[in-house]
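Overview (structure and organization)
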There are 2 protein chains.
Amino acid sequence: MKSCTRTCSFKCSSVSQHTGRIGRGTRVIPSMARQNQKLPVQIKSQGLGVSKMKRSRSAASTARISLVTVAEEHSHSHKGEVLDVGDAESMEAFLDSLKYNSDGQVVAIAQHVDTGAVLMQAFATREAVEKTFNTGKATFYSRSRSALWTKGETSDNFINVLSVHVDCDRDSLIYLGEPIGPSCHTGAYTCYYSEVTGAEGLPASAEGGGVEAANNTLYRLQDTIVSRKQEEATGGKPSWTSKLLSNPELCCKKVREEAGELCETFEKQEGKERTASEMADLLYHSMVLCAHEDVSMEDVMEVLRKRFGVSGVEEKALRKK
Amino acid sequence: MKSCTRTCSFKCSSVSQHTGRIGRGTRVIPSMARQNQKLPVQIKSQGLGVSKMKRSRSAASTARISLVTVAEEHSHSHKGEVLDVGDAESMEAFLDSLKYNSDGQVVAIAQHVDTGAVLMQAFATREAVEKTFNTGKATFYSRSRSALWTKGETSDNFINVLSVHVDCDRDSLIYLGEPIGPSCHTGAYTCYYSEVTGAEGLPASAEGGGVEAANNTLYRLQDTIVSRKQEEATGGKPSWTSKLLSNPELCCKKVREEAGELCETFEKQEGKERTASEMADLLYHSMVLCAHEDVSMEDVMEVLRKRFGVSGVEEKALRKK
């Protein structure tokens with residue numbers, strides 16, 4: 001169903017029906033299709049294509065408040081749009097469309113492209129956002145120094161921005177990028193190195209507690225494995241992970257076994273639950289082997305990302321045949 | 001080396017030397033040890049243990065500005081601390097320690113514990129943070145309604161918070177949690193469903209462009225695989241992924257092969273680069289098999305997270321022996 005047209009770029013009825021460009025600067029791909037939950041059939045759009053913006057042109061590059069209204073509201077359910085700012089007019093319109101606060105700022109969150117870790121959060125003026133777009137370096141507004149601030153300009157710890165994402169309210173941005181060195185001025189990997197625990201409503205050490213950095217599950221697992229490796233060097237307590245680390249031949253045997261067990265969940269039609277469980281086992285054991293070889297999941301993700309960047313992981317895989 | 005004491009909880013000289021509790025409410029674990037970069041030997045601490053806070057007690061639970069000074073500054077390099085707010089006094093001290101803006105608010109970022117996706121960002125007052133701690137439901141301050149706002153209170157799309165993280169400046173929080181349903185009021189999985197592309201300083205479709213949602217590499221790869229699956233149903237263009245999806249027996253063969261090749265990087269000492277590359281291959285092929293079985297990486301991560309929650313992935317793995 002191709003109901004999207006240039007006139008109305010919001011009339012798609014489904015998340016996953018389009019992959020081509022629709023209208024000007026609006027493209028729909030099924031990036032949300034992995035959601036298991038059902039999306040409501042009728043929802044109000046807060047999204048806004050660049051081509052549909054009401055523009056207030058200005059040559060000034062200083063921060064200022066910009067009010068933009070949506071020309072029309074459409075019922076739609078697609079999630080995922082691309083706003084093309086490739087020409088000066090679109091860029092201006094996009095920058096005008098942001099809902100700056102009374103200080104002329106929006107929230108800007110720098111996130112690690114490979115791990116998903118939130119590295120830092122600061123505020124960005126119109127000028128800071130524009131500079132980020134023009135230079136590819138995460139740029140903010142330093143409220144203490146009242147000046148534009150490209151992260152890394154003094155420390156060389158730049159954050160190379162690979163993509164920029166804006167929220168439904170247009171007052172918050174994600175700079176998704178690759179950090180050069182630590183992102184925190186303290187030398188930490190991320191500014192969010194402190195975890196608050198012990199509160200009544202939060203789980204104790206069960207399910208996610210006590211990890212300090214706001215890592216997601218994959219990197220929490222890696223942290224656990226790496227800490228076993230470090231403990232092992234100083235004679236830590238026995239664990240399955242440390243046993244595997246000290247006996248990489250056993251670890252290899254397990255990796256092969258788990259790969260076979262994952263395949264069997266298909267071959268013997270054992271059901272989704274078994275597939276998820278065996279994939280978890282395979283992932284865990286192969287991560288232990290990687291940790292033994294001092295290879296991190298960041299290293300692995302970088303390989304995958306760079307394959308996307310050239311001709312896709314698929315073609316790379318095909319070349320191996 | 002156990003140089004940390006209750007008197008000075010910031011004298012640790014290394015990220016990874018401690019795993020036990022040190023002082024009151026401060027624990028150091030090697031969650032940052034996976035960083036490849038060298039950390040500077042001497043860095044200034046902006047971190048601040050709850051036990052070291054200068055407290056300004058107040059029974060009022062309304063938003064207000066709170067100034068907290070660090071009692072002492074220490075040179076240290078550890079990254080990763082736990083602030084225990086398990087008793088009323090510590091909770092009060094922590095809430096006082098946050099640097100609220102002139103409206104009495106800090107930034108609060110809700111992040112998906114399994115995928116790392118930033119779900120939404122809003123602002124939180126002292127009361128909102130406290131309510132989050134007490135209820136385990138992500139709570140903000142609605143600036144439009146001038147009222148406390150627990151996400152999901154009208155839609156039932158709560159975000160169950162598993163841990164809370166605070167940044168070095170104490171003016172920004174991460175609510176790391178598990179969303180129930182879509183997080184965006186538009187029905188989208190995350191509020192950041194729009195990508196801005198075409199800017200001069202950003203890579204084009206290479207390395208990370210054109211993905212709409214601010215997904216990290218693992219979930220981008222999954223999106224690509226899932227979109228191939230959807231294309232296949234409607235006769236998409238040929239690709240290695242679609243070939244594997246239409247021939248799951250071949251996919252299984254590849255999963256077993258790639259597992260073997262990963263092991264060989266250890267067995268034949270092929271070096272880190274080969275290990276990362278083979279792990280990438282194994283991950284990709286096993287993800288295709290999972291996609292064929294309608295199992296998402298979110299499903300897999302949930303399995304892993306729940307294993308952490310009970311007795312650790314290691315013990316679970318051990319039980320299988």
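Residues numbered from 1 in each chain as written. Chains lettered and ligands numbered in written order. Predicted model: local features only at pLDDT ≥ 70, side-chain atom pairs only at ≥ 80, totals over all residues. Heavy atoms only, no water.

Going by what an unreviewed UniProt entry lists, chain A is known as Phosphoribosyl-AMP cyclohydrolase domain-containing protein and is assigned to Cymbomonas tetramitiformis.

Topic: the packing of aromatic side chains
Using the criterion set out here, one finds six aromatic pairs over all chains in the structure. Judged by centre distance (5.4 Å) and plane angle (40°), the rings of Phe 140 of chain A and Trp 149 of chain A are tilted. Given a relative accessible area of 0%, Phe 140 of chain A falls into the buried group. Seen from their ring centres, Phe 140 of chain A and Tyr 175 of chain A are 5.5 Å apart, and the 50° between their planes marks the pair as tilted. You can see Phe 140 of chain A sitting in strand β8 (residues 139-142) and its partner Tyr 175 of chain A sitting in strand β11 (residues 172-179), a full 35 residues away along the chain. A connected cluster of aromatic rings, assembled from ring pairs, spans Phe 140, Trp 149 and Tyr 175 of chain A. We note Lys 137 of chain A situated over the ring of Phe 158 of chain A; from NZ or CZ to the ring centre the distance is 4.9 Å. The ring of Phe 123 of chain B has Arg 143 of chain B lying over it, and the distance from NZ or CZ to the ring centre is 3.8 Å. (Phe/Tyr/Trp six-rings, centres within 6.5 Å; stacked < 30°, edge-to-face > 60°. Buried < 20%, exposed > 50% of the residue type's maximum accessible area, 1.4 Å probe, protein only. Helix = DSSP H or I, 4+ residues; strand = E, 2+ residues; numbered from the N terminus. Lys NZ or Arg CZ within 6 Å of the ring centre and 35° of its normal.)

A look at helix α3 (residues 217-233) of chain A
Residues and elements named next belong to chain A. A rise of 1.5 Å per residue sets the reference length of α3, with its 17 residues, at 24 Å; its end C-alpha atoms lie 25 Å apart and thus fit the reference within 8%. Of all the 17 residues making up α3, 13 are buried; the element is thus mostly covered by neighbouring parts of the structure. Just downstream of α3, Gly 235 is the residue with a positive phi angle, here 75°. (Expected span 1.5 Å × (residues − 1).)

Some words on the sheet that holds strand β12 (residues 194-197) of chain A
Strands in a sheet are paired, the pairing made by backbone hydrogen bonds, and the direction either parallel or antiparallel. The six strands are arranged β5(B)-β12(A)-β10(B)-β11(B)-β6(B)-β7(B) in an open sheet whose pairing can be described as mixed. Each end of this open sheet is capped by a strand with a single partner; those strands are β5 (81-84) and β7 (118-125) of chain B. Strand-to-strand, the axes of this sheet are offset by a mean angle of 35°, without reference to chain direction. Bridge count between strand β10 (residues 159-166) of chain B and strand β11 (residues 172-179) of chain B: seven bridges; the pairing is antiparallel. Its bridge partner lying in β11 of chain B, Ile 159 of chain B is registered against Pro 179 of chain B. On top of the sheet, helix α2 (residues 126-135) of chain B reaches β12 of chain A together with β6 (105-112), β7, β10 and β11 of chain B; it is set at about 120° to β7 of chain B, its chief contact. (Pairing = 2+ DSSP bridges. Axes fitted to C-alpha atoms, helices over the stretch in contact; angles between N-to-C directions. Contact = heavy atoms within 4.5 Å.)

Structural notes on the environment of Ala 213 of chain A
By the secondary structure assignment, Ala 213 of chain A is in the loop between β12 and α3. Note: C-alpha distance between Ala 213 of chain A and Cys 191 of chain A (22 residues apart in sequence) is 8.7 Å.

Remarks on the nonpolar core
Counting residues in each nonpolar core, the largest one holds 90 residues, and the members touching the most others are Phe 94, Phe 133 and Tyr 175 of chain A together with Phe 94, Phe 133 and Tyr 175 of chain B. Of all hydrophobic cores here, the second largest spans 62 residues; its members include Tyr 219, Val 255 and Val 300 of chain A together with Val 300 of chain B. (Core = buried A, V, L, I, M, F, W, Y, C linked by side-chain atoms within 4.5 Å.)

Observations concerning the pairing of strand β9 (residues 147-150) of chain A
Residues and elements named next belong to chain A. Sheet topology places β8 next to β9; four bridges connect them, and they run antiparallel. Pairing of Thr 139 across the sheet is with Thr 150, part of β9. In this structure, the hairpin formed by β8 and β9 is closed by a connection of four residues, where Ser 146 is found at a positive phi of approximately 50°.

Things to note about the domain arrangement of chain A
Residues and elements named next belong to chain A. Domain annotation of chain A identifies domain 1 (11-179) and domain 2 (217-310). Every contact between the two is made by five residues of domain 1 and, on the other side, five residues of domain 2. When domain 1 packs against domain 2, the two sides together hide about 460 Å² of surface, and 49% of this comes from carbon and sulfur. Its largest share of buried area at the contact with domain 2, domain 1 owes to Asp 114, Thr 115 and Glu 178, together 85% of the area lost on that side. Where domain 1 packs against domain 2, one counts two salt bridges. Here Asp 114 makes a salt bridge to Arg 305, at a shortest N to O gap of 2.7 Å. Connecting domain 1 to domain 2 are three residue pairs in polar contact (both at pLDDT 80 or more). In terms of residue class, the side of domain 1 that touches domain 2 is made up of two nonpolar, one polar and two charged. (Domains from an automatic or database assignment. Buried area = accessible area lost by both parts, 1.4 Å probe. Salt bridge = Lys/Arg side-chain N within 4 Å of Asp/Glu carboxyl O. Polar contact = N/O pair within 3.5 Å; in protein donor to acceptor, adjacent residues only side chain to side chain. Nonpolar A, V, L, I, M, F, W, Y, C, P; charged D, E, K, R; others polar.)

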